[in-house]
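Examining the three-dimensional arrangement
Read off the chains here:
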Amino acid sequence: MPQADSITTLSLRELQQGIQDGRFSVMEVTDAYLDRINRHDGTLNSFITVTHEQARANAVETDNRIRQGKLAGPLAGVPYALKDLFCTEGVLTSCASKMLADFIAPYDAHVAMQLKAAGGVLLGKNNMDEYAMGSSNENSHFGPVRNPWDTACVPGGSSGGGAAAVAARLAPFVLGTDTGGSIRQPASFCGITGIKPTYGRISRYGMVAFASSLDQCGPMAVSAEDCAIALGAVAGFDERDSTCANRPVPDYTASLGDSLAGLKIGLPEEFFSAGLDNEVASAIEAAVKTYERLGAVVKSVTLPNSKLAIPVYYVVAMAECSSNLSRFDGVRFGYRCENPQDLRDLYERSRWEGFGDEVKRRIMIGTYALSAGYYDAYYLKAQQVRSLIQQDFVQALDDVDVIMGPTCPSTAFELGAKTDDPVAMYLEDIYTVPLNLAGLPGMSFPVGFSQAGKPIGMQLIGNYFDEARMLNVAHQYQQQTDWHTRVPAQFV
Amino acid sequence: MAWETVIGLEIHAQLSTNSKIFSGSSIAYGAEPNTQASLVDLGMPGVLPVLNKKAVEMAIRLGLAINATIAPRSVFARKNYFYPDLPKGYQISQFELPVVADGHLDITLENGDSKRIGITRAHLEEDAGKSLHEDFDGQSGIDLNRAGTPLLEIVSEPDMRSAREAVAYLKKLHALVRYLGVCDGNMQEGSFRCDANVSVRRPGEPFGTRAEIKNLNSFRFIERAINYEVERQIELLEAGGQVVQETRLYDPDRDETRSMRGKEDANDYRYFPDPDLLPLEISPAEIEAVRADMPELPERRKQRFMTELGLSEYDADLLVQVRELADYFETVAQGCGDAKLAANWVNGEVSNTLNAHALEPVQNPVSAAALVQLLVRIQDNTVSNRIARDVFAAMWAGEGSADTIIEQKGLKQITDTGAIEAMIDAIIADNPAQVAEYRAGKEKLFGFFVGQAMKASRGKANPAALNEMLKKKLEG
C-alpha cells in the first residue's frame, strides 16, 4: 500500500487506474484527501464544508459497486470538491455569503448529478468570493483563503478555494465557475490548470447565478489531462438550461497526443502592453518559445476593442447580478433580519445585513445601470461594445488556431493589498474578461515562477467549442515542463 | 362642447396550457396552496427557466386570428420589482420586442355598424403568485401555485369611445380566445382579466391624462367602472381640476374607483433582456403549421352558416359564440339534414337548458347523435315539437335515448285520423256553446278547441292533422 501522501500526487488517470486495479480502495483515496484537508485546511481555509461522513459513506458504497463491476469509468471512485455555489442536495450551499450561511439546497446542480453518476466522491464545498464576486477570495463570509505558495498572499478569486485546494493537493480536481476570470485567475495565482469552456458547453442548472450571460462552470486540476477527464464528465446538453448547447461532447483525452506542428498561435499586442509585470512577460515569452520548438507558428494579432472590456464587463455583469440576486429577499429562504417591522423593513434589513460590501456595491451599480434614463447609455451601449469585442476575437481566430497571453498582469498579491481600491481589484481581470464577453473558451496553466516563488499562468484562448484542441495544446507543453507538477513546499 | 371618452384595454388571458410557461408544474386551478410550485416556480437559487412551446403556439394562434404580425424574433425581458408573491424579484415578460404586434378586431356597434379596434401588441409573460391576507393572524401567506402561469397580455389601441364599445371589444376577444382554445375565459377564476385605461377630452383635442383602472373581473363591472371613471374625470375637469395619471382600483360594492398608486409611486422596472432565455425565434414554417391547425374563426363560420346553411344572422351569430356549441350544431344539422331545425333546437332548448343549469356546452349530457335521433322523430311526425321538448328533458335527465323514452312513455304522436276524428266529435259534442260562438264568427276560439284536443290526447295528436280535421268539423 502506498503512503497516503503518495496517493495524492497521482494524476486522475493513475488514481482511477489504481482503484480499478485494486491497488488501493476508494476509501483509502478518500481518507488520504480528507487527512490532508484536516492537516492543511486550517491554514488555507479553502473549504467551507468538508463532507467527512458522507464522503466516507460514499466511498464504502463506491468501493462495493466497483468491486461488483457495477461502476467503472474515468472518475469512478475519484474524489472532488465543488465551489460552494453549486447546489448539492442535503449539503450546505452558502455562496460564501451570510445570506445563505444556513442554506441547504433541496436539489443537485446538473454538474453535481453528473459527477455523482460518474462515481465521484464529494469531499466538500470550496470557499469562494461571496456570490463569485471578487478576484482575491477575500470577500467571503467564511474568511479569506490563503495561497499555498505564499500564505501571506491571496489565491485569486472567485474560485480561490478550489484553486488553493488543488495546489495544496487537498482535492485531485474541483469545479469552479468563471464569469470574468474566476477560474483562470486563481489557477494562475495557484500554479494549477483550469479551463473555462465555451459559454453553453456545461449546464448552468443548479449553479447560483452571478451574471447569467457570462457564468460558466469549468474544472480546475493539476494538469490539462486531468481537466480533460473532468470536463468530459460534466459537459453536454441539459434541457433545463436554455443557453446550454445541444451538440456532442468529444472525448477530450483522445486528442491529447496530437502533434502541434503547424499550430498557429496568435499573440495579441494589447495583452503585452503597459501594466504587465516583467517577470510574467518573460515567462510567457519563454513558453511561446517552447511552442515554437514544438513546431507551432507564432504571429501577432490585434484585439483593438479589448481595452473596453473592463468597463463593458462591469456594466453587464453588475446589471445582471442586480436582478439575479433579487430572489434573496428574506421571504422564502436564506437570511431574514430579526423582527421586521413591515415588508419594506424585511427586504431592506435582510438584504443589507445578509449581503457583504462587494455584493451590495455591485447590486447598486447594476441597479443604476438599468435605471430609466441610464439604460441606453450604460447597458445598451455595453452590449453593443460587447459585440465589437466578440468580433475582434472572431477575426483574430480566423487567422490563428489559438491565442496566447498572460492570464493576469502580475502574480498573487498580499491579502489586503487591493481591498480598499475596487477599481485596482477589477483590473486584475483585464486579460480574462474579454473572453467571457465573447463566450469563448479559455484556459490558464502554469508556465513558471517569479523570483519570489509565486506561480505565473499563461492564458490560452481557443475558438468556440475547440476545447479538445486547447487541452492538447496545454498538455503538449506540460509534457515538456514540470511547472504543473510542483507542490508548494509547505504542503509536500 | 361635449366630452369624448377614450378607452384602451389591457387584457391578461391565461393560456390553456397543461404546464407553466417556464416550468413543468401544473396550472390547474384550486389546488392546495404551494402544491403546484416547483423549484423553478419558487425561484430557488440556481434554477433556470425553459420556455413552454405550447404557450408560444397559442400566442401565434391568437396573433393569426387578429391579423397581427408574428415577430420572427422576440425577446423575453425581466421586469424587476420586489413583492412577496414574485419569487425571483422579477417577472419574465416581453417588453421591447413582443411576439405579436399590430393586429385588430372588428366589433359591431349598437347601430349595426362595424368598428375596427387596433391591437397594439400581445406578449407572453408569467403570472405572479398570490398573497393571502386572511387567516394568518396579522401575517400574510404566499401561495405560489399561480406563479409562472402563462399569460398573454393583449394591449389595444385607445380606440374605444364608450364603455359599451369597450365591453363589445372585450366580449368579442373573450369569445375569440375561447374559440381558439388558447384561454378558458373564466373571469371569476381570473383566467381573463382586464385593466382599462380611461381618459376624456374635447373632440379633436389631444388625448387627456389617463387613469388605469384595475380589478375588473366581469363585463358588468367593466362597464360600470368605466362609466364611473368617465363621470369622475368630467366632473373634475369641469370644476377646473386636472386628472392625474394614476392607477385606480374599482370597488364593485361601492361602485366607484379609488386611487391605488400615483405615477410618482410607479416602479422603475429596469427592464432588460433575460440572459437565461435565448431570443424567441419563430420561423415562417412554424407559423404556417399553426395556421394549418387553426379552427375556423367565428366570423367566417357565421358567414358560412348564413350562406351555406341558410341561417338567419341572429341564429348564426348566437351559434358561433362558443366553438363547442357551433361544433355541436354542425353535427346535429348534418345528422338531421335540416339546419334550421337544428339551429332552433341548439339555440333554443339546448342553450336554455345549459344556461338553466349553468353548464358550458362541453358539459352537455345530450350528445349530438342523441339529439339527431330526437329531431328525426320530429321530422317523421313521431312526436310533435312540443312533446319533443319533454323527451329532451327526459334525455337530459338520463332516462335514455329519444326512441326509448318515446316508447316507454307512450308519447308517440296520434296520426290515426279515425282516432282524432272521434276525439274531435266528442269535444264538439261536449262544448255546444263554444261551437255556436265559433260558428258565429269568434274565430279566436279555435285555439280553445286545439287545447281541448291536445289535452284529450295528452299532447300526442299530430298538430297538422288535428288542425285540419278540427277546422273541417267546426265549419260543419
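Residues numbered from 1 in each chain as written. Chains lettered and ligands numbered in written order. Predicted model: local features only at pLDDT ≥ 70, side-chain atom pairs only at ≥ 80, totals over all residues.

Thoughts on the interface of chain A and chain B
Short version of the rule: Contact criterion: two residues are in contact if their C-beta atoms, reconstructed from the backbone, are within 7 Å. Secondary structure elements follow DSSP: runs of H or I of four or more residues count as helices, runs of E of two or more count as strands, with numbering from the N terminus. As a working rule, the residues Ala, Val, Leu, Ile, Met, Phe, Trp, Tyr, Cys and Pro are called nonpolar, Asp, Glu, Lys and Arg charged, and the rest polar, with Gly in that last group.
Across the contact, 31 residues belong to chain A and 24 residues belong to chain B. Secondary-structure elements contributing two or more residues to the side of chain A that touches chain B are helix 10 (309-324), helix 11 (343-354) and helix 12 (357-370) of chain A. Here the element with the most residues in the side of chain A that touches chain B is helix 10 of chain A; it accounts for three residues. Of the residues in the side of chain A that touches chain B, the class split is 14 nonpolar, nine polar and eight charged.

Structural notes on helix 16 (residues 467-480) of chain A
Residues and elements named next belong to chain A. Where we set the bar: By this rule, a helix spans an expected 1.5 Å times one less than how many residues it contains. To sort residues by burial, count the other C-beta atoms lying within 10 Å of each one's C-beta; a count of 20 or more means buried, 12 or fewer means exposed, and anything in between means partly exposed. C-beta atoms are built from the backbone.
If you check helix 16, its first and last C-alpha atoms are 20 Å apart, about what 14 residues at 1.5 Å a residue would give, namely 20 Å. Counting buried residues in helix 16 gives 12 out of 14 residues, a clear majority hidden from the surface. Listed as buried for helix 16 are Glu467, Ala468, Arg469, Met470, Leu471, Asn472, Val473, Ala474, His475, Gln476, Tyr477 and Gln478. Along its buried surface, helix 16 packs onto strand 5 (193-196), helix 8 (224-234), helix 9 (278-293), strand 9 (402-406), strand 10 (442-449) and strand 11 (455-461).

A closer look at the domain arrangement of chain B
Residue and element names in this part refer to chain B. To keep things clear, this is the line we draw: How far each domain reaches was decided by an automatic or database domain assignment.
The domains assigned to chain B are domain 1 (4-286), domain 2 (296-409) and domain 3 (417-474). Relative placement of domain 1 and domain 2: their C-alpha centres are 36 Å apart. With five residues of domain 1 in contact, the opposing surface of domain 2 contributes five residues. Of the residues forming the side of domain 1 that touches domain 2, the biggest block, four residues, is contributed by helix 2 (residues 163-180).

Some details on the pairing of strand 13 (residues 246-251) of chain B
Residues and elements named next belong to chain B. Under the convention used in this document: Any two strands with at least two DSSP bridges between them are considered paired. Seen with its strands pointing away from the viewer, a crossover is right-handed when the path leading from the first strand over the helix to the second is clockwise.
Inspection of the sheet shows strand 12 (residues 211-216) paired to strand 13 by four bridges, in the parallel sense. The residue bridging Ala211 from the neighbouring strand is Glu246, located in strand 13. In this region the chain leaves strand 12, passes through helix 3 (residues 219-238) and returns to the parallel neighbour strand 13; the handedness of that crossover is left-handed. Following strand 13, the chain reverses through four residues before pairing antiparallel with strand 14 (residues 256-262); Asp255 in that reversal takes a positive phi of roughly 50°.

Quick look at the environment of Leu260 of chain A
All names here are of chain A. With respect to the secondary-structure elements, Leu260 resides in the loop between helix 8 and strand 7 (264-268). The buried category is assigned to Leu260, around which 22 C-beta atoms lie within 10 Å. Discounting residues that sit within four places of it in the chain, Leu260 has contacts with Tyr291, Leu294, Gly295, Ala296, Val473 and Gln476.

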